[in-house]
Amino acid sequence: MVKKYGKRDSVVALSFDDGPDERYTPEILDILKAANVPAIFFVVGINVENNVGLLKRIYDEGHEIGNHTFTHPNLALVNPERTRVELQATRRIIESITGHSTILFRPPYNADSEPESMEELLPVEVGKEENYYTVAESIDPQDWSEGVTADTIVARVIQQDALGNIILLHDAGGDASRRSGRSRVSSRTSGSGGEGLWPCPSSWGRPGTRSCLPSLGTISCS
Ligand SMILES: [Zn+2]
(Lines give C-alpha, C1' and ligand atoms only; values in the text may rest on other atoms or scores of the structure.)
Protein backbone atom coordinates (compact mmCIF):
# COMPACT_ATOMS: atom_id res chain seq x y z
CA MET A 1 0.00 0.00 0.00
CA VAL A 2 1.31 3.43 -0.90
CA LYS A 3 0.61 6.37 1.37
CA LYS A 4 1.15 9.97 0.48
CA TYR A 5 1.42 12.75 3.00
CA GLY A 6 1.63 16.46 3.21
CA LYS A 7 -0.47 18.26 0.60
CA ARG A 8 -0.95 21.82 1.78
CA ASP A 9 -2.55 24.76 0.08
CA SER A 10 -0.57 27.88 -0.72
CA VAL A 11 2.76 26.38 0.22
CA VAL A 12 5.43 25.07 -2.09
CA ALA A 13 8.86 23.57 -1.57
CA LEU A 14 11.77 24.17 -3.89
CA SER A 15 14.01 21.19 -4.40
CA PHE A 16 17.30 21.08 -6.27
CA ASP A 17 18.65 17.70 -7.38
CA ASP A 18 21.99 16.30 -8.58
CA GLY A 19 24.49 18.79 -7.08
CA PRO A 20 26.43 20.21 -5.51
CA ASP A 21 27.92 21.76 -8.59
CA GLU A 22 30.69 24.34 -8.52
CA ARG A 23 29.15 26.36 -11.37
CA TYR A 24 25.51 26.58 -10.37
CA THR A 25 25.10 25.79 -6.69
CA PRO A 26 26.89 28.92 -5.39
CA GLU A 27 24.77 31.19 -7.56
CA ILE A 28 21.55 29.46 -6.56
CA LEU A 29 22.57 29.76 -2.91
CA ASP A 30 23.21 33.48 -3.38
CA ILE A 31 19.74 33.95 -4.89
CA LEU A 32 18.01 31.94 -2.18
CA LYS A 33 19.85 33.88 0.48
CA ALA A 34 18.91 37.25 -1.01
CA ALA A 35 15.26 36.19 -1.23
CA ASN A 36 15.31 34.57 2.21
CA VAL A 37 13.97 31.33 0.75
CA PRO A 38 14.78 27.88 2.12
CA ALA A 39 15.14 24.94 -0.24
CA ILE A 40 16.07 21.32 -0.13
CA PHE A 41 19.08 19.97 -1.98
CA PHE A 42 19.02 16.28 -2.91
CA VAL A 43 22.73 15.69 -3.29
CA VAL A 44 24.67 13.02 -5.15
CA GLY A 45 27.46 11.62 -2.97
CA ILE A 46 30.15 11.72 -5.61
CA ASN A 47 29.42 15.40 -6.25
CA VAL A 48 29.55 16.08 -2.53
CA GLU A 49 32.96 14.45 -2.42
CA ASN A 50 34.16 16.91 -5.07
CA ASN A 51 32.47 19.93 -3.46
CA VAL A 52 32.73 19.51 0.28
CA GLY A 53 32.72 23.25 0.93
CA LEU A 54 29.48 23.67 -0.97
CA LEU A 55 27.66 21.04 1.07
CA LYS A 56 28.84 22.81 4.19
CA ARG A 57 27.55 26.09 2.80
CA ILE A 58 24.14 24.57 1.95
CA TYR A 59 23.88 23.36 5.51
CA ASP A 60 25.21 26.52 7.14
CA GLU A 61 22.72 28.65 5.23
CA GLY A 62 19.81 26.71 6.65
CA HIS A 63 18.70 24.55 3.75
CA GLU A 64 17.64 20.94 4.02
CA ILE A 65 19.80 18.19 2.58
CA GLY A 66 18.48 14.92 1.22
CA ASN A 67 20.06 11.74 -0.14
CA HIS A 68 19.99 11.25 -3.92
CA THR A 69 22.36 8.20 -3.92
CA PHE A 70 26.12 8.19 -4.48
CA THR A 71 26.43 7.68 -8.24
CA HIS A 72 22.87 8.42 -9.45
CA PRO A 73 21.92 4.98 -10.81
CA ASN A 74 18.41 3.91 -11.73
CA LEU A 75 17.61 1.96 -8.57
CA ALA A 76 15.04 -0.18 -10.33
CA LEU A 77 17.88 -1.63 -12.40
CA VAL A 78 20.49 -2.34 -9.72
CA ASN A 79 20.44 -4.97 -6.99
CA PRO A 80 19.30 -4.10 -3.45
CA GLU A 81 22.81 -4.44 -2.04
CA ARG A 82 24.13 -1.80 -4.43
CA THR A 83 21.21 0.46 -3.50
CA ARG A 84 22.03 0.14 0.18
CA VAL A 85 25.69 1.00 -0.43
CA GLU A 86 24.63 4.02 -2.49
CA LEU A 87 22.37 5.30 0.29
CA GLN A 88 24.73 4.55 3.15
CA ALA A 89 27.79 6.10 1.50
CA THR A 90 25.95 9.33 0.80
CA ARG A 91 24.41 9.46 4.25
CA ARG A 92 27.87 9.05 5.80
CA ILE A 93 29.46 11.75 3.72
CA ILE A 94 26.63 14.16 4.63
CA GLU A 95 27.06 13.27 8.30
CA SER A 96 30.82 13.66 8.22
CA ILE A 97 30.65 17.12 6.66
CA THR A 98 27.66 18.65 8.43
CA GLY A 99 27.60 16.70 11.69
CA HIS A 100 23.94 15.92 10.97
CA SER A 101 22.14 13.10 9.24
CA THR A 102 19.20 13.06 6.89
CA ILE A 103 16.04 11.00 6.64
CA LEU A 104 15.01 12.42 3.28
CA PHE A 105 15.52 10.46 0.11
CA ARG A 106 14.69 11.07 -3.50
CA PRO A 107 15.38 8.24 -5.95
CA PRO A 108 17.07 9.21 -9.21
CA TYR A 109 14.85 9.04 -12.32
CA ASN A 110 11.68 7.82 -10.60
CA ALA A 111 10.48 10.55 -8.30
CA ASP A 112 6.90 10.88 -9.47
CA SER A 113 4.53 11.72 -6.66
CA GLU A 114 2.04 9.16 -7.96
CA PRO A 115 4.21 6.03 -8.11
CA GLU A 116 2.47 3.21 -9.92
CA SER A 117 4.99 1.16 -11.84
CA MET A 118 7.38 -1.30 -10.24
CA GLU A 119 10.25 0.99 -11.29
CA GLU A 120 8.73 3.79 -9.26
CA LEU A 121 7.72 1.68 -6.27
CA LEU A 122 10.91 -0.31 -5.75
CA PRO A 123 13.04 2.67 -4.72
CA VAL A 124 10.34 3.79 -2.27
CA GLU A 125 10.44 0.34 -0.67
CA VAL A 126 14.23 0.35 -0.40
CA GLY A 127 14.13 3.85 1.05
CA LYS A 128 11.71 2.70 3.68
CA GLU A 129 13.95 -0.23 4.60
CA GLU A 130 16.78 2.23 5.10
CA ASN A 131 14.55 4.43 7.30
CA TYR A 132 14.04 7.24 4.85
CA TYR A 133 11.05 9.28 3.90
CA THR A 134 10.85 9.34 0.13
CA VAL A 135 10.24 12.84 -1.12
CA ALA A 136 8.58 12.87 -4.51
CA GLU A 137 8.08 15.76 -6.87
CA SER A 138 4.75 17.00 -8.06
CA ILE A 139 5.76 19.90 -10.29
CA ASP A 140 8.43 19.07 -12.86
CA PRO A 141 9.22 21.84 -15.34
CA GLN A 142 11.86 19.56 -16.92
CA ASP A 143 14.54 22.19 -16.58
CA TRP A 144 17.06 19.72 -17.98
CA SER A 145 15.38 19.33 -21.36
CA GLU A 146 17.12 20.45 -24.55
CA GLY A 147 16.64 24.10 -25.48
CA VAL A 148 14.48 25.00 -22.50
CA THR A 149 14.53 28.68 -21.59
CA ALA A 150 14.03 30.51 -18.33
CA ASP A 151 10.58 31.64 -19.49
CA THR A 152 9.61 28.06 -20.28
CA ILE A 153 10.63 26.85 -16.86
CA VAL A 154 8.64 29.56 -15.13
CA ALA A 155 5.61 29.00 -17.38
CA ARG A 156 5.67 25.24 -16.81
CA VAL A 157 5.80 25.65 -13.04
CA ILE A 158 2.85 28.02 -13.06
CA GLN A 159 0.94 25.74 -15.43
CA GLN A 160 1.43 22.75 -13.10
CA ASP A 161 0.61 24.69 -9.97
CA ALA A 162 -2.50 22.64 -9.24
CA LEU A 163 -0.61 19.36 -9.29
CA GLY A 164 1.00 19.73 -5.91
CA ASN A 165 3.59 21.64 -3.99
CA ILE A 166 7.05 20.19 -4.48
CA ILE A 167 8.93 21.73 -7.38
CA LEU A 168 11.74 19.73 -8.96
CA LEU A 169 14.70 21.73 -10.22
CA HIS A 170 18.37 20.91 -10.72
CA ASP A 171 21.51 22.64 -9.50
CA ALA A 172 23.78 20.57 -11.71
CA GLY A 173 23.97 20.36 -15.47
CA GLY A 174 22.31 22.72 -17.94
CA ASP A 175 23.32 26.18 -19.04
CA ALA A 176 22.99 29.76 -17.92
CA SER A 177 19.50 30.35 -19.31
CA ARG A 178 18.13 27.41 -17.37
CA ARG A 179 19.84 28.65 -14.26
CA SER A 180 18.12 31.99 -14.60
CA GLY A 181 14.83 30.15 -14.95
CA ARG A 182 15.55 28.48 -11.67
CA SER A 183 16.28 31.74 -9.98
CA ARG A 184 13.12 33.31 -11.31
CA VAL A 185 11.12 30.39 -10.02
CA SER A 186 12.87 30.96 -6.71
CA SER A 187 11.88 34.57 -6.49
CA ARG A 188 8.34 33.94 -7.66
CA THR A 189 7.72 31.28 -5.09
CA SER A 190 9.30 33.27 -2.34
CA GLY A 191 6.10 35.27 -1.87
CA SER A 192 6.44 37.84 0.85
CA GLY A 193 9.73 37.32 2.58
CA GLY A 194 9.72 33.64 1.77
CA GLU A 195 6.74 32.75 3.90
CA GLY A 196 5.14 31.05 0.92
CA LEU A 197 7.61 28.25 1.30
CA TRP A 198 7.32 25.24 3.43
CA PRO A 199 6.93 25.75 7.14
CA CYS A 200 9.15 23.88 9.52
CA PRO A 201 7.10 22.79 12.52
CA SER A 202 9.32 22.47 15.53
CA SER A 203 7.58 19.23 16.45
CA TRP A 204 9.13 17.59 13.39
CA GLY A 205 12.59 16.20 13.04
CA ARG A 206 14.42 13.46 14.81
CA PRO A 207 17.46 13.78 17.04
CA GLY A 208 20.45 14.55 14.87
CA THR A 209 18.42 15.81 11.94
CA ARG A 210 16.79 19.07 11.01
CA SER A 211 14.37 17.47 8.63
CA CYS A 212 10.89 18.85 8.44
CA LEU A 213 9.96 18.22 4.84
CA PRO A 214 7.94 15.09 5.73
CA SER A 215 5.27 17.44 6.99
CA LEU A 216 4.83 18.66 3.44
CA GLY A 217 5.10 15.92 0.90
CA THR A 218 6.37 12.40 1.26
CA ILE A 219 5.32 8.99 0.12
CA SER A 220 5.93 5.63 1.68
CA CYS A 221 4.81 2.14 0.98
CA SER A 222 4.08 -0.76 3.26
ZN1 LIG B 1 18.74 13.21 -10.16
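Look a little higher up for the structure.
Nothing here was measured: the structure is a model prediction, and the numbers come from that model. (Residues numbered from 1 in each chain as written. Predicted model: local features only at pLDDT ≥ 70, side-chain atom pairs only at ≥ 80, totals over all residues. Heavy atoms only, no water.)

Caption draft 1: Inspection of the nonpolar core at higher detail. Residues Leu-14, Phe-16, Leu-32 and Phe-41 are the most contacted members of the largest nonpolar core, which totals 26 residues. Looking at this core, the elements with two or more residues in it are strand 2 (13–17), helix 1 (25–35), strand 3 (40–43), helix 3 (52–60), helix 4 (80–98), helix 6 (150–159) and strand 7 (166–170). The leading source of residues in this core is helix 3, at four residues. Within the second largest apolar cluster, seven residues are counted, among which are Phe-42, Leu-104, Val-135 and Ile-166. (Core = buried A, V, L, I, M, F, W, Y, C linked by side-chain atoms within 4.5 Å. Buried < 20%, exposed > 50% of the residue type's maximum accessible area, 1.4 Å probe, protein only. Helix = DSSP H or I, 4+ residues; strand = E, 2+ residues; numbered from the N terminus.)

Caption draft 2: Seen up close, the coordination of the zinc ion. Here the zinc ion is held by the protein donor atoms Asp-18 (OD), His-68 (NE2) and His-72 (NE2), which lie 2.1 Å from it. Read in sequence order, the donor residues coordinating the zinc ion give the pattern D-x49-H-x3-H. Here Asp-18 is found in the loop between strand 2 and helix 1, whereas its partner His-72 is found in the loop between strand 4 (64–67) and helix 4, with 54 residues between them in sequence. Judged by relative accessible area, which is 18%, Asp-18 ranks as buried. (Donors = N, O, S within 2.8 Å, 3.2 Å for Na, K, Ca; no water.)

As far as function goes, none of this settles anything; it's purely spatial.
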